[in-house]
Amino acid sequence: MIKNTPPMGWNTWNTFAENISEELIFSSVDAIVSSGLKDAGYEYVVIDDCWACRERGEDGRLVPDPKKFPHGMRYVADYIHSKGLKFGIYSCAGLLTCAAYPSSYDREFLDAETFAGWGVDFLKYDYCHKPLSADGANLYRRMGLALAGCGRDILFSACSWGADETHEWIGTTGANMWRSTGDIVDTWESVRELIKRQYDILPYGGVGCFNDMDMLIVGMHGKGHVGLKGCTDDEYRVHFAAWCLLASPLMIGCDVRNMDETTYSILTNRELIAIQQDARGARPYICRNFTDDVPVIIRQLANGDIACGFFNLSDAPANTWYAADDLGVPSISGRTLCGKELYTGETLRAVNGILFASLPPHSCKVYRLRVVAK
Ligand code: GLA
């Protein structure tokens, strides 16, 4: 499947890990629809690891755990589809999944056929327990081929965490997104590390195969499987804005049945989502003129606007700036830049060709800038 914009959805892992069930999926699907997350663009409902029985069936096929999914996966898919959403499932390229359930090594074609038969629309494909002798690229190419030939349009979400120089070969596997980082946890340090990890690998992502910065922790507040310290709402704002500007897939990881208002407003910030979903698909870029902790993240947009995010990942306040000229709008053009901050609505106009931002620690200001007459 070719998808021109990075996928959006919800995934069970960050909060629920092995505590998954048909009931959880159905109630979360209902919440995605009734809360308005679906209308905001969240589309894929992804069941992560731990959904299967520990053994394959007599026919060699994967079997959903009957205690968790008593009516099987076709039934789950039908419910998800009946609500206008899409169904994602999880498997792994190695000998076992990361939580030691059966995976698809040497069974790629059979499993792709099974998933297609269930009505799966998305496969997250992990990298644990890879035999030392196996070649990672080859394992992903196998599943890429199996999915391409399975008779159903299934989005291929590779999850090899950037290991074994994934960026060099992932584009040859048919994957539509690739996990470019290790696992996120619900702390500020994790968010900061995953943003910085993008600095050197942005050129490897984009339309065709998006850099996946991992699932969102917005709104977890220390609860659930990867919930550790939790973050402040401002830190969650930085996290969400960075994922949007960097065109990462947006896979919600909190319990969508129990979101507070701030969580909901961050996750449904339409203007940030519009940047992440921008139809032109231009690759974002990062300027680190100051320090690695005060990056400016920039993306040209389809209507001629420029998204420009000033980030302060450091523990001290920071004053930062960027020149309109460096954004592609020189003074000699007779034009300048002005725009609106996308969380607060506050406006900004370049002064003598310079855009200034004053940032408290762990904060950001993200502007959608228009090119206007000086
Ligand atoms: C790995 C992945 C996670 C999650 C778990 C499941 O750690 O990176 O996103 O899928 O496996 O076991």
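Scope of this entry: the structure provided in the associated data block.

## As for the sheet that holds strand β8 (residues 250-252)
Hydrogen bonding along the main chain pairs the strands of a sheet, whether they run parallel or antiparallel.
Then comes step 1: Pairing is parallel in the open sheet, where 8 strands are placed in the order β7-β6-β5-β4-β3-β2-β1-β8. Because the sheet does not close on itself, it has two edges, and the strands there are β7 (210-212) and β8. Neighbouring strand axes in the sheet, compared pairwise and without regard to direction, differ in orientation by 25° on average.

## Examining the site of the ligand
Then comes step 1: Lining the immediate surroundings of the ligand are 13 residues, of which Asp48, Asp49, Lys124, Asp126 and Asp183 lie closest.
Then comes step 2: Between an oxygen atom of the ligand and a side-chain N or O atom of Asp48, the distance comes to 2.7 Å.
Then comes step 3: Between the ligand and Asp49 there is a distance of 2.8 Å, counted from an oxygen atom to a side-chain nitrogen or oxygen.
Then comes step 4: Taken together, the residues of the shell around the ligand sort by class into 7 nonpolar, no polar and 6 charged.

## A closer look at the layout of surface pockets
Empty space left among the atoms is revealed by rolling a probe the size of a water molecule over them.
Then comes step 1: By volume, the largest pocket amounts to about 190 Å³.
Then comes step 2: In terms of lining, the largest pocket is formed by 13 residues, of which the most central are Asp234, Thr344, Ser363, Cys364 and Lys365.
Then comes step 3: Mapped onto the lining of the largest pocket, the elements with two or more residues apiece are α9 (233-245) and β16 (363-373).
Then comes step 4: Here the lining of the largest pocket is built from residues that sort into 5 nonpolar, 3 polar and 5 charged.
Then comes step 5: Looking at which domains feed residues into the lining of the largest pocket, each of domain 1 (8-276) and domain 2 (285-373) supplies at least three.

## Things to note about the nonpolar core
Then comes step 1: Core analysis: the biggest nonpolar cluster contains 108 residues, and Ile25, Tyr42, Trp51, Phe240, Trp243 and Phe311 have the highest contact counts within it.
Then comes step 2: Per-element accounting of this core gives the leading share, 8 residues, to α9.
Then comes step 3: When residues of this core are sorted by domain, at least three fall in each of domain 1 (8-276) and domain 2 (285-373).
Then comes step 4: Aside from chain neighbours lying at most four places away, what touches Phe240 is Tyr42, Leu216, Val218, Leu250, Ile266, Leu267, Asn269, Leu272, Ile273 and Tyr343.

## Details of the pattern of salt bridges
Then comes step 1: With the rule as written, the count across this model stands at 20 salt bridges.
Then comes step 2: Residue Lys229 is joined to Glu189 by a salt bridge in which the shortest nitrogen-to-oxygen separation is 3.0 Å. Of this pair, Lys229 sits in the loop between β7 and α9 while Glu189 sits in helix α8 (residues 188-197); the two residues are 40 residues apart in sequence, bridging distant segments of the chain.
Then comes step 3: Take Lys229: its relative accessible area is 61%, and that puts it in the exposed class.
Then comes step 4: Residues Asp305 and Arg368 are paired through a salt bridge, measuring 2.9 Å at the closest nitrogen-oxygen approach. Residue Asp305 is located in the loop between β10 (296-300) and β11 (306-312), and its partner Arg368 is located in strand β16; the two are separated by 63 residues in the primary sequence.
Then comes step 5: Residue classification places Arg368 among the partly exposed positions, given a relative accessible area of 22%.
Then comes step 6: Bridged by salt links that share partners, the residues Asp106, Glu108 and Arg142 form one connected network.

## Here's the deal with helix α6 (residues 136-148)
Then comes step 1: Helix length check: α6 (13 residues) gives 18 Å between terminal C-alpha atoms against 18 Å at 1.5 Å per residue, within 8%.
Then comes step 2: Along α6, the residues classified as buried are Gly136, Ala137, Leu139, Tyr140, Met143, Gly144, Ala146 and Leu147.
Then comes step 3: If you follow the buried residues of α6, they end up packed against α5 (108-118), β4 (122-126), β5 (155-158) and α7 (166-169).

## Let's talk about the state of the cysteines
Then comes step 1: Here the structure, examined in full by the defined rule, presents 1 disulfide.
Then comes step 2: Sulfur-sulfur distance for the disulfide between Cys98 and Cys128 comes to 2.1 Å. Between Cys98 and Cys128 the sulfur-sulfur dihedral comes to about 95°; the bridge is accordingly right-handed. Pair noted here: Cys98 is in the loop between β3 (86-92) and α5 and Cys128 is in the loop between β4 and α6, with a separation of 30 residues, a long-range link.
Then comes step 3: Of the residues examined, Cys98 reaches a relative accessible area of 35% and is grouped as partly exposed.
Then comes step 4: In this structure Cys53 is a free cysteine whose sulfur lies 12 Å from that of Cys50, the closest cysteine sulfur available.
Then comes step 5: Here Cys231 stays unpaired: no disulfide links it, and the sulfur of Cys254, its closest cysteine neighbor, is 13 Å away.
Then comes step 6: On the accessibility criterion, Cys231 (8% relative accessible area) is buried.

Conventions and cut-offs
Residues numbered from 1 in each chain as written. Predicted model: local features only at pLDDT ≥ 70, side-chain atom pairs only at ≥ 80, totals over all residues. Heavy atoms only, no water. Pairing = 2+ DSSP bridges. Helix = DSSP H or I, 4+ residues; strand = E, 2+ residues; numbered from the N terminus. Axes fitted to C-alpha atoms, helices over the stretch in contact; angles between N-to-C directions. Near = heavy atom within 4 Å. Polar contact = N/O pair within 3.5 Å; in protein donor to acceptor, adjacent residues only side chain to side chain. Nonpolar A, V, L, I, M, F, W, Y, C, P; charged D, E, K, R; others polar. 1 Å grid on protein atoms, 1.4 Å probe; cavity = no way out; pocket = protein on both sides within 12 Å on 5 of 7 lines; lining within 4 Å. Points joined across faces, edges and corners; volume = space filled by probe spheres on them. Domains from an automatic or database assignment. Core = buried A, V, L, I, M, F, W, Y, C linked by side-chain atoms within 4.5 Å. Buried < 20%, exposed > 50% of the residue type's maximum accessible area, 1.4 Å probe, protein only. Contact = heavy atoms within 4.5 Å. Salt bridge = Lys/Arg side-chain N within 4 Å of Asp/Glu carboxyl O. Expected span 1.5 Å × (residues − 1). Disulfide = S-S within 2.5 Å.

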